[in-house]
Amino acid sequence: MKRFLALMLAVVLFLLPFSVSATEDTPVIRSGSGESPKIALTFDDGPHPRQTDRILDLLAEYNIHATFFVIGQNAVYYPEPLKRAVSLGHEIGNHTFRHEGISKMSAPMLEKELADTEKVILDLTGVKVSLFRPPEGACSEAVLAAARHAEYPVILWTVDTRDWDLASTDKIVSTVESKVRGGSIVLFHDYTARTAHTLDALKILIPKLLDEGYEFVTVSELLGGE
Ligand code: NI
C-alpha cells in the first residue's frame, strides 16, 4: 500500500507542472524572437470585398504572405475575399464573431464567439484556425480563459500603425519605419468604417522594407521558423 501511495505521489508530481502550464498559462505574444529579419504583417477586422481584395492584390504583386484576423460575422457576409486569402496562401486567425463588447463578456460568451468564428472559417475554407487576436488587444481574465479553452495563443502586436484611427499615409509609414525590427508583428486593418490610408502606406512600405532586407512571413512562420 505504501509503495502504491509513493507511486501515485510520483505520478502526481510528474504530471503537475504540465497540467498547470496547460490550464493556467495562455501565451500572450507581441513579437517573434528577432533573431532574423522576419516580420509579420497582420490585418484585422475583415474580410471586406473592396478593402481586403485591394490588399490581397498588393501582397500578390510582391508574393508576400500575411495573417488576417477575421471577424466571424464579416466572413458570413463576405466569404469570397476570405476564400481568396486562403487560396493565396495567407494565414487566418480568429478575431471573435461580433467584435463588440468583448470586455463585458463572460468567458463562456467569449468561448462561443471563438467557436462560432472557428466554425464559419472552417466551413468556408477548410482551415482550422489556431491563432486568436482579441479586439482592442483586450486581455481580461475572461479573454485569457476563453483563449485557453480554445487552445489559442493570444497574438498582439509590436507596432500599431493606427490606421484604424485614420492616421495619414505619411504617419503610418514613419511609425512603421521608426519601430520595426526583426521579429515585429505589425498591426493593420483590412476593414475600417471610414477610409483608412492602409493601402497607400503599404505601397510605400513594402518595397522599402524589402530593400532594407526584411522578409515578410505569417505569424506562425514568425513564431515557429526562427
Ligand atoms: Ni479589431
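Please refer to the structure higher up on the page.
**Thoughts on the coordination of the nickel ion**
Donor atoms from the polypeptide that bind the nickel ion are Asp 45 (OD), His 95 (NE2) and His 99 (NE2), placed at 2.0 to 2.1 Å. Mapped onto the sequence, the residues coordinating the nickel ion show the spacing D-x49-H-x3-H. Of this pair, Asp 45 sits in the loop between strand S2 (38-44) and helix H2 (51-61) while His 99 sits in the loop between strand S4 (91-94) and helix H5 (107-125), and the two are 54 residues apart along the sequence. A relative accessible area of 18% means that His 99 is categorised as buried.

**Considerations on the packing of aromatic side chains**
Applying the stated criterion across every chain, the model contains four aromatic pairs. Pairing Phe 43 with Phe 188 gives two aromatic rings, centres 5.5 Å apart and planes at 20°, and the pair type is stacked. Here the residue Phe 43 occupies a position in strand S2, and Phe 188 occupies one in strand S7 (residues 185-189), the gap between them amounting to 145 residues. Exposure remark for Phe 188: the relative accessible area of 1% places this residue in the buried category. In this structure an aromatic cluster arises from ring pairing among Phe 43, Phe 68 and Phe 188.

**Structural notes on the nonpolar core**
Within the largest apolar cluster, 50 residues are counted, with the highest numbers of intra-cluster contacts made by Leu 41, Phe 43, Leu 59, Phe 68 and Phe 188. When sequence neighbours within four positions are dropped, the list of residues in contact with Leu 41 reads Leu 59, Ala 66, Thr 67, Val 186, Phe 188, Leu 202, Ile 206, Phe 216 and Val 217. The next biggest cluster of nonpolar side chains, apart from the first, holds nine residues, and it includes Ala 40, Ile 155, Ile 185 and Val 217.

**Structural notes on the side chain of Thr 67**
Along the chain, the position of Thr 67 falls in strand S3 (residues 67-70). The class for Thr 67 is buried, based on a relative accessible area of 0%. Engagement of the side chain of Thr 67 in a polar contact is seen with the backbone nitrogen of Val 219, the distance being 2.9 Å. Residue contacts for Thr 67: discarding those within four places in its chain leaves Leu 41, Thr 42, Phe 43, Glu 91, Leu 131, Thr 218 and Val 219.

**Side note on unusual backbone geometry**
A cis amide bond links Gly 46 with the next residue in sequence, Pro 47, at an omega value of 0°. Take Pro 47: it is sitting in the loop between S2 and H2. Phi angles above zero are rare outside glycine, and His 99 is one such case at about 75°.

**A closer look at a nonpolar patch on the surface**
Together, Val 76, Tyr 77 and Tyr 78 give the surface a local cluster of nonpolar side chains, amounting to about 300 Å² of exposed area. Residue Val 76 is classed as partly exposed on the basis of its relative accessible area, which comes to 48%.

**Topic: the pairing of S3**
Neither face of S3 is left uncovered, since the one carrying Thr 67 and Phe 69 and the one carrying Phe 68 and Val 70 both have all their residues buried. Pairing of S2 with S3 involves three bridges; the strand directions are parallel. Looking across to S3, one finds that Thr 42 is bridged to Thr 67. Handedness of the crossover is the feature at issue here: the chain leaves S2, passes through H2, returns alongside S3, and the resulting connection is right-handed. As paired strands, S3 and S4 are joined by four bridges and run parallel to one another. Counterpart to Thr 67 in the pairing with S4 is Glu 91.

Rules used throughout
Residues numbered from 1 in each chain as written. Predicted model: local features only at pLDDT ≥ 70, side-chain atom pairs only at ≥ 80, totals over all residues. Heavy atoms only, no water. Donors = N, O, S within 2.8 Å, 3.2 Å for Na, K, Ca; no water. Helix = DSSP H or I, 4+ residues; strand = E, 2+ residues; numbered from the N terminus. Buried < 20%, exposed > 50% of the residue type's maximum accessible area, 1.4 Å probe, protein only. Phe/Tyr/Trp six-rings, centres within 6.5 Å; stacked < 30°, edge-to-face > 60°. Core = buried A, V, L, I, M, F, W, Y, C linked by side-chain atoms within 4.5 Å. Contact = heavy atoms within 4.5 Å. Polar contact = N/O pair within 3.5 Å; in protein donor to acceptor, adjacent residues only side chain to side chain. Patch = residues over 30% accessible without salt bridge, like charges linked within 9 Å, V, L, I, M, F, W, Y side chains within 5 Å. Areas by Shrake-Rupley, 256 points an atom, 1.4 Å probe, with all protein chains shown as cover. Salt bridge = Lys/Arg side-chain N within 4 Å of Asp/Glu carboxyl O. Pairing = 2+ DSSP bridges. Right-handed = clockwise from strand over helix to strand, strands pointing away.

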